[in-house]
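# Fold and contact review
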Amino acid sequence: MSALFIGAVLISFSSAMVVLAGLPPDVAGFYRLTGGGLAMLAVLARMGKLRLFTPNVIKWGCVAAVFFAGDFVFWHRSIAFVGPGLSTMLGNFQVIPLAIVSALFFKERMPPRMYAAIPLALAGLYLMVGVGWSGFTADYRLGVFYGLATACFYALYMLSLKYSLAKDKTDSLVLASAAALATGLILGAFAVVEGESFAIPTLKSLAAISTLALVCHAVGWFLITRGIQTVRGALVGLILLLQPTLSFVWDILFFGKAVNLVELSGVALALVGIYIGSQGGRKKSRA
């Protein structure tokens, strides 16, 4: 359980590191996914698992990378507009599109718990951003939509991993590293097309992007992948809620995010809804 707990705490700093790095959105994603993927690859090499990178694993990793890239494109832009706390909370709404897409396209029966989870999460969403919607700037509103798009793409990424792991019984860390490296290449290509600079301007930026790639992504997800196998499902969901909760806390502590009772009530309701919605399988949280 300690590995899962530490992993959740580490990835809770991801959005804060994106802000501190101060890099263009797709460049930050490129460094995170490429650096993190290479670090995971080094761990797998040390474990003697490089032989598990079969053509099928690489193929499914590239499929998952398409959705993972969409996730990061929208998430990093959401961070820029609404801050690391709210953007991470919105990304964790993936439990709703995950359930809906599973029901519509994979003919999976909607679990009864979702009929409680979805209204709670939506009520929390309304309290977080709906109450004050008319007073938000155009950029802030766009950031909210980007955060919700993040949730949709992350749900599709999760489903692609689930499907690929069912088709090819491989180590989940192997598939995750293949997806990370492929996603890094996609984001790098986006950055080139958009004319973004890959230069890392300061030592602070270098420290932040290195921490994001090596500590938050590589070490955090390695610990979660290992810890999730030894902890019962309900506790997994509860511990992984540390990630969006702490991301919101770091936004308040480090970046001076202003909050009120209505927004905090919305965060609490959303977390309850997300937790209920995650109890049916071992779903991963937004990183």
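Below: a short report on this structure. Here the structure is a predicted model, which means the values were calculated and not measured. (Residues numbered from 1 in each chain as written. Predicted model: local features only at pLDDT ≥ 70, side-chain atom pairs only at ≥ 80, totals over all residues. Heavy atoms only, no water.)

On to a nonpolar patch on the surface. A cluster of nonpolar residues, Val 19, Leu 20, Val 249, Leu 253, Phe 254 and Phe 255, forms a patch on the protein surface that exposes about 480 Å² of accessible area. For the nonpolar patch, the elements supplying multiple residues, two or more each, are α2 (14-21) and α12 (242-255). Counting residues per element, the nonpolar patch draws most heavily on α12, at four residues. Note that Val 249 resides in helix α12. (Patch = residues over 30% accessible without salt bridge, like charges linked within 9 Å, V, L, I, M, F, W, Y side chains within 5 Å. Areas by Shrake-Rupley, 256 points an atom, 1.4 Å probe, with all protein chains shown as cover. Salt bridge = Lys/Arg side-chain N within 4 Å of Asp/Glu carboxyl O. Helix = DSSP H or I, 4+ residues; strand = E, 2+ residues; numbered from the N terminus.)

The next point concerns α12. The terminal C-alpha atoms of α12 lie 19 Å apart, and with 14 residues this matches the ideal 20 Å at 1.5 Å per residue to within 8%. Among the residues making up α12, those that are buried are Gln 243, Pro 244, Leu 246, Ser 247, Phe 248, Trp 250 and Asp 251. Taken from the residues just after α12, Gly 256 is the one with a positive phi, measuring 65°. (Expected span 1.5 Å × (residues − 1). Buried < 20%, exposed > 50% of the residue type's maximum accessible area, 1.4 Å probe, protein only.)

Moving on, we get to the layout of surface pockets. Once rolled over the atoms, a probe with the size of a water molecule shows which space is left empty. Considering only enclosed or pocket space, the second largest pocket measures out at about 160 Å³ in volume. Secondary-structure elements contributing two or more residues to the lining of the second largest pocket are α7 (114-130) and α13 (261-278). The element that contributes the greatest number of residues to the lining of the second largest pocket is α7, accounting for five residues. Class assignment of the residues belonging to the lining of the second largest pocket gives a composition of ten nonpolar, three polar and two charged. (1 Å grid on protein atoms, 1.4 Å probe; cavity = no way out; pocket = protein on both sides within 12 Å on 5 of 7 lines; lining within 4 Å. Points joined across faces, edges and corners; volume = space filled by probe spheres on them. Nonpolar A, V, L, I, M, F, W, Y, C, P; charged D, E, K, R; others polar.)

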